Amino acid sequence: MAMYVYQTDGYPVGFRFSDFIHAMDGRPLGRLFGTHVYRLDGSYVGELFKEMVVAKPTVNVRPIAPIDPPASVPSPGPSYRRRAIVDYGYRDVFHLLCEGDQTPLYLDEPMAIAAE
């Protein structure tokens, strides 16, 4: 079963299927290791947090080996905008899964330690 991935404004932009994140049309965009989100070329993008890909400060993040894209999967269909949006203070970085430009997200962000 697919799990939708949302922008911080509440609109669905993709979905998680197995250990991969796909665009709404089923194209593979990235993969997951725990909560870490990577592009298929192995570069770090951000963290999967509350069904969003965000620039959440973390430690010990480094690139991983690139992989060939997995097969596209059927789209789970449209979803709705989430009603309750909470601003956790993390920047939305889902678009980095689709773009060629990659900037380090964990170096310019202040480190915050909080219980979740």
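Structural data are supplied above this passage.
Since we're looking at a predicted model, the values are computed, not measured.

(A) Expanded view of the overall build of the protein chain. Looking only at helices and strands, the protein chain features 0 helices and 7 strands. Along the chain direction, N to C, the helices and strands of the protein chain fall in the order β-β-β-β-β-β-β. For the protein chain, the proportion of its 116 residues judged to be buried stands at 40%. The contacts of the protein chain with a sequence gap of at least 6 include a subset with a gap of at least 24, amounting to 58%. Summed over all atoms, the accessible surface of the protein chain reaches about 6900 Å², with 56% contributed by carbon and sulfur.

(B) Structural context of the nonpolar core. Ile21, Val37, Val45, Val53, Val93, Phe94 and Leu97 are the most contacted members of the largest nonpolar core, which has 15 residues in total. Taken together, the elements giving at least two residues each to this core come down to strand 3 (20–23), strand 4 (28–33) and strand 6 (44–49). With 7 residues, the next largest nonpolar core counts Phe15, Met52, Val54 and Val73 among its residues.

(C) Structural context of the packing of aromatic side chains. Counted by the stated rule, this structure contains 5 aromatic pairs. Where Tyr4 meets Tyr6, the ring centres are 6.4 Å apart and the plane angle is 50°; that geometry is what we call tilted. Take Tyr4 and Tyr6: they sit in the same class, and that class is buried. Centroid distance Phe49 to Tyr90: 5.3 Å. Interplanar angle 85°. Geometry classified as edge-to-face.

(D) Representation of the pairing of strand 1 (residues 3–6). Sheet topology places strand 1 next to strand 2 (residues 12–17); 4 bridges connect them, and they run antiparallel. Residue Val5 lies in a different strand from strand 2, and its bridge partner there is Gly14. What sits between the antiparallel neighbours strand 1 and strand 2 is a turn of 5 residues, in which Gly10 has the positive phi angle 100°.

(E) Up close: the environment of Ala65. Position of Ala65 among the secondary structure elements: in the segment after strand 7 (52–54). In this structure Ala65 touches Arg31 and Gly42, once residues within four positions along its chain are discounted.

The rules behind the values
- Residues numbered from 1 in each chain as written.
- Predicted model: local features only at pLDDT ≥ 70, side-chain atom pairs only at ≥ 80, totals over all residues.
- Heavy atoms only, no water.
- Helix = DSSP H or I, 4+ residues; strand = E, 2+ residues; numbered from the N terminus.
- Buried < 20%, exposed > 50% of the residue type's maximum accessible area, 1.4 Å probe, protein only.
- Contact = heavy atoms within 4.5 Å.
- Areas by Shrake-Rupley, 256 points an atom, 1.4 Å probe, with all protein chains shown as cover.
- Core = buried A, V, L, I, M, F, W, Y, C linked by side-chain atoms within 4.5 Å.
- Phe/Tyr/Trp six-rings, centres within 6.5 Å; stacked < 30°, edge-to-face > 60°.
- Pairing = 2+ DSSP bridges.

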